[in-house]
Structures are given as C-alpha cells and as structure tokens.
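Each chain is listed here by its residues.
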Amino acid sequence: MVERIRLFSQHVFFIVFMYGGRFGIHLGSALPCFSCPFVQGCAGHCYLMALQRTHVGFQTAFEVFFSSAFVHVLWPFALFLILFLPLSKLWCAWLCPFCLFQDWITLIRKRLHIREFSMSRQVRNRLKPVKYILLALLILIPLAIANLGLHPDWGLPFCQICPARPILPLFTGNVSNFHIDMTNSVTIGFTATAMILTGVFLAGIFFKERFFCVFCLLALMHLFKKLSPFRFEKNVHACTGCGNCEQMCPVDIADVHLEKGKNHMPGAVDVLTQDCLGCMNCVESCPVDNALVFKWFDFKIFSSSRQYMTRKWSSK
Amino acid sequence: MLLDLWKYLILICVPVIGSFGPFLVEARAADHTFWNKDMLHLEFAQMKKHPNGQVSQTFIVHRPENQTDKISVLFQENQRPEVYTVPLDQNTFSIFADKPSSIRLFVFTRAGQTHHVVHTDMVLFGKSRSLALRTLAKPSEAAVLKTLPHIFLVGSESYYWHQTGIPLTFSLKTQFHPLHPVRFHVADNHQIKPLAADTLNPLQFVYTPSHDKQLRQAGSTAVKHNTVFTCLAHDKKLYHLAYTFQLHRSRHAFENYTAGAIALAGGFLVFAGWVIKKRKTPWWKE
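**With respect to the overall build of chain A**
- When helices and strands are counted, chain A shows 14 helices and 5 strands.
- For chain A, whose C-alpha radius of gyration is 21 Å, the value lies close to the compact-globule estimate of 20 Å for 316 residues.
- Expressed as lengths along the three principal axes of its C-alpha atoms, the size of chain A is roughly 60 × 50 × 45 Å.
- Expressed as a percentage of its 316 residues, the buried residues of chain A come to 57%.

The structure is reproduced here in structure tokens:
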C-alpha cells in the first residue's frame, strides 16, 4: 500500500517538476530534489544550481558576503530550508524525478532477471565522503572564479558533470546535452567527464538500485535534519535483529539494523542516516509492531506492523 | 570689364558647383573612410556588480572631430515609453540597473552639417532593493528619439545573447529616403567589411560574425564589441549612424555529438564490464 502511494506520488511529481513550467507552475530555484533547470519547461530548479551561481550562490565576490547584497545568497538558502524541513528525506524517494528514473531502470533490470551487484559496507563507507568532497568543490570552485580569477568556464561545475543534465531533458525530447564541447580545453574536460560519468552512472543505475543516490549532493539536507519535524525512530528494545530492513533497503543502509542504542537511552533512537531516502521499505518489511516508526513531530506517519508485513508478502 | 567677368563667372560657377554638392556628399556617404576618427562611436567598458546588487555598465565615448553640439545620451528601459538622460563625465558615462533591464541606448551629437547617432541594446541583470538613480529626459529631448535616424538590430528586443557564427540582420529607421543606395559596413577586430544586403529587403543587411579564437579561449560570458555603421545623405546633411553590439562566442558551434556518444558508450561499457567481471553475490531475492 505504502509502496503504491509512493510510486503514485513519484509519478505525479515527475510530471509536475518536468512539465509544470509549461502550465505556469514555478516553484523557484531552491528545490531540494533533482528538478533539472536544463529541462525546458520544468517547474523549478534544483538548489545545487543556485548554490553555484553568481549573485545568489557562491560565485560571488568576498566583499558581497559582508554587504547587504548577501541577502540574495541567503534567500535561496532560506527557501531551500522552508521547502526541505517539512518533508525532509521524503523529497528523495517520494518526489525526486531522478529517483523515479532510477526506479524505472531498476524495474527494467528486474524484468530482465538480471542480478543486482552488491556493494560491501566497506565500499559504501569509503564512498560516503565523496558527496561531501563534491559539495566542498561545488562551493570552492565558484568562489575561486569570483575571487581568484579561475577561468569562468569552470562555472556551474557540478551541473556540468551531473548525469541528470543530459538524462532528464530526454523526457522533453531534448538530446542536445550529449556532446563534447570542443570550444576550449576547459569545456572539453568538463563535457568529456560529463559524458563518461553519464555512461558510468547509467550502467551503475542499471546494475545497482539507486546507485546515483550514493553520490547525491543533496545529502546536504542531512546537515539540517535536526531542524526538521520529520523523524525516523527505531525501538531498539523491540527489534529482533532479523535484518529485513537492511535487505529491503535500496541503498543497503545497515545502521537501522545495527543500531542498538546506548544503555542510558530510552528505547526510541533516531536512525535517519545521511543515505536514507525515506522510501519506508524497511518499515514495510519489519515484522515487529512499532519497532520502526516514521514520525512528523509526535504524529506517527507510518509504523511497522506484523499484520501489515504478513499481508503484503502473502499477497506477492 | 574685369569685374563684370567675375560676376558672370560667379553666376555660372555657383549653381554648377552647387549642383555637384549633393553628389560630393553622396560620394562621401558611399565610402567608409569616415570610420573611427571622424565618427562618434561607443566602447563598452567595465560592467560591474555592486555590493548593493545593482549592476552598472560604463561606456567610453569617442568624439567625432569638429564636434559642435554637446553629446546627448538617452535610454529607455524594458520597452517603456519613459526616456532617461545620462550626464557625460568627460568621455565616459554609466548606466545602472536595479532589476533585470533591457536597455535601448542612443548617443548623438552634431559636427557641423554631420549628425552622429550611435545606438545599442543590452541587458543588465540588476537585483537590488535600492533604486538605480535615473534622470528623466525633458520632453523636448525625449521627442528627438521619435525622429532620430538609427541603425537597429532586427529582433534585438527578444534576444540579446548574440553569438559568433549566427547571422544578424541590421536595418535602418529614418524619416527620409536617403539620396543614394544604402550600404552598411562592420568594424570587426579593426577590419572593415561590407555587409551583404538581404535579397528580399534592400534596407536590411545580414552579417554573420566569424568565430573568434580569443572569445573561444575566454569564458562563456566574455564579449567583444563590433560596430555596424553607415553614412546617409539627405537635404545637404550627412548622417553617420552606428550600431554597437556585444558578441559572445558560439554556444553550439563546437559541440561534437559523435565524440559525446563515444565517451558515453565508453563509460557505460567499461563500468558494466567491471561490474560483470567483479560480480560474486547473487541478488538476494532470486
């Protein structure tokens, strides 16, 4: 049931984000999901672009950071927080268009009966810092352009290599982002990297569910999770340690399964990790009543139940 | 007797020379040697983003020789009817914008019987709460714009990002019919080139700027400035008209789709091959 509602939500928001601009919907330039600005007629832009831009992002002279004009940099950030905080990680698995694209590819793989490749915990842990390194570069490169004279073709560094840039416009019939720009060495470097990465991610998404989400820079949201009323809690005393949650997780999060809490802590422990997409697959597959709970303030959105799990798996 | 002879000579010669006058003016109008020192022209100088969010564009004015009138600088914003004037500080002036503004700028003066008019369009992406300082032109000054002959870039209201390799069409707006066939020239990297007239409309001229190596090496926002100019003769007056425009490097001319497809396929195959080679564990569900 929850999975169906989620799929329905993903498809509705895919249509809204990808084509909404054609019907006069504009949700601003600070969306916490991959609503790509390179899609003509999209309903809003991913916040990562605003972060890299001049005037509203970090491609701004240092003097501006200490002037009243800094409000232009703060405003998209404030808008990002306003949009992100109520829904938190639900943006990923319930609204993000690129997440749905990955789900479609996974569906094709499953239909073809091709096995997924497994990623060990060690590899996953090694890959965790990659997104934060990219995030740091995304801020430092625009700063260097504005203040240290770095070549302006380094502008929008993340957008230039983001696989969503060539892939998402395909859904509006636009194939123009599949090229190498021979204008100069910087453009050749960026566009060649973008094409190779797009190839790598297409293969990765095919062989591994939500492969792109491992590197998604919007994990930046996680830094502000404490401000959000959205909570994902585990009752460590109720958990039987069956490991269903880890096995059902599209991004193989082990923390929910392994979290034991500390002796002095109450039973409910926050298990919303940086990689969590909020898909609720783990809650659906948990056989213990109220062992896993998604909450909005103190209101239970969805909690695990033996009856629900039995009904779901017996119907499959 | 001698005095009478002079009278006759004057009586005969003045109309003869007078009748040649327009042809002399016309001959002057048909060439392009007046470019540069004889002509009023504009140079785009620094565009600056100010800490308060306003954006300014500074211009340098190159005065014509023997200038007799003061130089007037008038502009309109976002196709609104209000006309603003900008004071000239020696040979420079700046236009400020507090919001995204499409600016239509005219600079004009007179040198004897020669009228000089330079026109340009640009977009300034200001974003500020403090209003840019503007001075409304007097109605008499503003009225001049309605009759001012000028060159304009066709479609410049709807598209401002002009690129090398893409044809630009220029045309002429006048209240009179010039005495001679109109010819346009362009000053591009200190070279003067004639523009080809449109086959369907002799008053429209097409110019395809060639790709520029320096622009390619510079960033995507780098610009160079070209000037299209002409000289018209009418009613024993000369009109030196110019249109200065900013040119960016081509966005799409150097895109190689074959190389893109090869890189994409390469990335896909290498990673897919690596996954297939390394795969050890079965998918749990199957």
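**Thoughts on the overall build of chain B**
- When helices and strands are counted, chain B shows 4 helices and 17 strands.
- The proportion of buried residues among the 286 residues of chain B is 42%.
- Within chain B, contacts between residues at least 6 apart in sequence are counted, and of these 66% link residues at least 24 apart.
- For chain B, the accessible surface area stands at approximately 16100 Å², while carbon and sulfur atoms represent 61% of it.

**Re the domain arrangement of chain A**
Residues and elements named next belong to chain A.
- Domain annotation for chain A reports domain 1 (2–220) and domain 2 (229–314).
- Look at where the C-alpha atoms of domain 1 and domain 2 centre, and you get two points 28 Å apart.
- Taken together, the contact pairs 23 residues of domain 1 with 25 residues of domain 2.
- Together domain 1 and domain 2 conceal approximately 2000 Å² of surface at their shared face, both sides included; 50% is due to carbon and sulfur atoms.
- Of all residues in domain 1, V2, K89 and R121 give up the largest surface area on contact with domain 2, accounting jointly for 29% of the area buried on that side.
- Connecting domain 1 to domain 2 are 4 salt bridges.
- The closest approach of N and O atoms between R121 and E246, which form a salt bridge, is 2.7 Å.
- Inspection of the domain 1/domain 2 interface yields 15 residue pairs in polar contact (both at pLDDT 80 or more).
- Elements with a minimum of two residues in the side of domain 1 that touches domain 2: α1 (2–19), α4 (71–87), α5 (90–95) and α7 (121–148).
- If you tally residues by element for the side of domain 1 that touches domain 2, the top one is α7, at 5 residues.

**Focus on a nonpolar patch on the surface**
Residue and element names in this part refer to chain A.
- A cluster of nonpolar side chains, contributed by W296, F297, F299 and I301, occupies part of the molecular surface with about 440 Å² of accessible area.
- Here F297 is to be found in the loop between β4 (292–296) and β5 (299–303).
- Take F297: its relative accessible area is 54%, and that puts it in the exposed class.

**Let's talk about the nonpolar core**
- Within the largest apolar cluster, 85 residues are counted, with the highest numbers of intra-cluster contacts made by F34, L48, F80, F98 and F232 of chain A.
- In this view, F232 of chain A contacts V256, V269, D270, V271, L272, C282, V283, L292, V293 and F294 of chain A; residues no more than four positions away in its chain are not counted.
- Of all hydrophobic cores here, the second largest spans 27 residues; its members include V117, L168, V182 and F245 of chain B.

**Brief notes about α7 of chain A**
All names here are of chain A.
- Spanning 28 residues, α7 covers 40 Å between terminal C-alpha atoms, matching the ideal 40 Å at 1.5 Å per step.
- Within α7, the full set of buried residues consists of R124, L127, K131, L135, L138, I141, P142, L143, A144 and I145.
- Tucked inside the fold, the buried residues of α7 contact α2 (47–52), α3 (62–65) and α8 (157–161).
- Positive phi shows up at G149, right after α7, with a value of about 75°.

**Re the pattern of salt bridges**
Residue and element names in this part refer to chain A.
- The final tally for this structure, using the stated rule, is 17 salt bridges over all chains.
- K131 serves as the salt-bridge partner of D275, at 2.7 Å between the closest nitrogen and oxygen. Taken together, the residues D275 in the loop between β3 (268–270) and α13 (281–285) and K131 in helix α7 connect sequence positions 144 residues apart. Both residues of the pair, D275 and K131, count as buried.

**What to know about empty space enclosed by the protein**
All names here are of chain A.
- All chains considered together, the criterion is met by 5 cavities of 30 Å³ or more.
- Of the pockets and cavities examined, the largest cavity occupies roughly 160 Å³.
- In terms of lining, the largest cavity is formed by 20 residues, of which the most central are C92, C213, C216, L218 and L277.
- Sorting elements by how many residues they give to the lining of the largest cavity places helix α6 (residues 97–111) first, with 3 residues.
- Taken together, the residues of the lining of the largest cavity break down into 16 nonpolar, 2 polar and 2 charged.
- Residues lining the lining of the largest cavity come from more than one domain, with at least three contributed by each of domain 1 (2–220) and domain 2 (229–314).

**What to know about the sheet that holds strand β5 (residues 92–97) of chain B**
All names here are of chain B.
- Sheet architecture is open: 3 strands sit in the order β1-β2-β5, paired in antiparallel fashion. Every other strand in the sheet has two partners, leaving β1 (41–49) and β5 as the edge strands with one partner each. Within the sheet, the average angular offset between the axes of one strand and its neighbour, ignoring direction, is 25°.
- As paired strands, β1 and strand β2 (residues 55–62) are joined by 7 bridges and run antiparallel to one another.

**Some thoughts on the interface of chain A and chain B**
- With 43 residues of chain A at the interface, the matching set in chain B holds 34 residues.
- When the area that chain A buries against chain B is broken down by residue, the three leading residues are H55, R115 and T183 of chain A, summing to 18%.
- One can count 1 salt bridge joining chain A with chain B.
- Across the pair R249 of chain B and D153 of chain A runs a salt bridge, and its minimum N-O distance is 2.9 Å.
- Mapped by element, the contributors of at least two residues to the side of chain A that touches chain B are α3, α6, β1 (180–181), α10 (185–207) and α11 (244–248) of chain A.
- Element by element, the count of residues in the side of chain A that touches chain B is highest for α10 of chain A, at 11 residues.
- Partitioned by chemical class, the residues of the side of chain A that touches chain B number 19 nonpolar, 17 polar and 7 charged.
- Note: β1 of chain A against strand β17 (residues 255–256) of chain B, 2 bridges, orientation antiparallel. Bridging across to β17 of chain B, I180 of chain A finds its partner in N256 of chain B.

**A closer look at unusual backbone geometry**
Residues and elements named next belong to chain B.
- Phi is positive for Q79, which is not a glycine, with a value near 55°.
- Along the polypeptide, Q79 turns up in the loop between β3 (72–77) and β4 (84–85).
- With a phi close to 60°, K236 is a non-glycine residue in the positive phi region.
- With respect to the secondary-structure elements, K236 resides in the loop between β15 (223–234) and β16 (237–248).
- By relative accessible area, K236 is classed as exposed at 66%.

**Thoughts on the environment of H26 of chain A**
- Within the secondary structure, H26 of chain A is located in the loop between α1 and α2.
- For H26 of chain A, the residues in contact, after removing those within four places along its chain, are A43, G44 and H45 of chain A.

Rules of the game
- Residues numbered from 1 in each chain as written.
- Chains lettered and ligands numbered in written order.
- Predicted model: local features only at pLDDT ≥ 70, side-chain atom pairs only at ≥ 80, totals over all residues.
- Heavy atoms only, no water.
- Helix = DSSP H or I, 4+ residues; strand = E, 2+ residues; numbered from the N terminus.
- Rg over C-alpha atoms; globule rule 2.2 N^0.38 Å.
- Buried < 20%, exposed > 50% of the residue type's maximum accessible area, 1.4 Å probe, protein only.
- Contact = heavy atoms within 4.5 Å.
- Areas by Shrake-Rupley, 256 points an atom, 1.4 Å probe, with all protein chains shown as cover.
- Domains from an automatic or database assignment.
- Buried area = accessible area lost by both parts, 1.4 Å probe.
- Salt bridge = Lys/Arg side-chain N within 4 Å of Asp/Glu carboxyl O.
- Polar contact = N/O pair within 3.5 Å; in protein donor to acceptor, adjacent residues only side chain to side chain.
- Patch = residues over 30% accessible without salt bridge, like charges linked within 9 Å, V, L, I, M, F, W, Y side chains within 5 Å.
- Core = buried A, V, L, I, M, F, W, Y, C linked by side-chain atoms within 4.5 Å.
- Expected span 1.5 Å × (residues − 1).
- 1 Å grid on protein atoms, 1.4 Å probe; cavity = no way out; pocket = protein on both sides within 12 Å on 5 of 7 lines; lining within 4 Å.
- Points joined across faces, edges and corners; volume = space filled by probe spheres on them.
- Nonpolar A, V, L, I, M, F, W, Y, C, P; charged D, E, K, R; others polar.
- Pairing = 2+ DSSP bridges.
- Axes fitted to C-alpha atoms, helices over the stretch in contact; angles between N-to-C directions.

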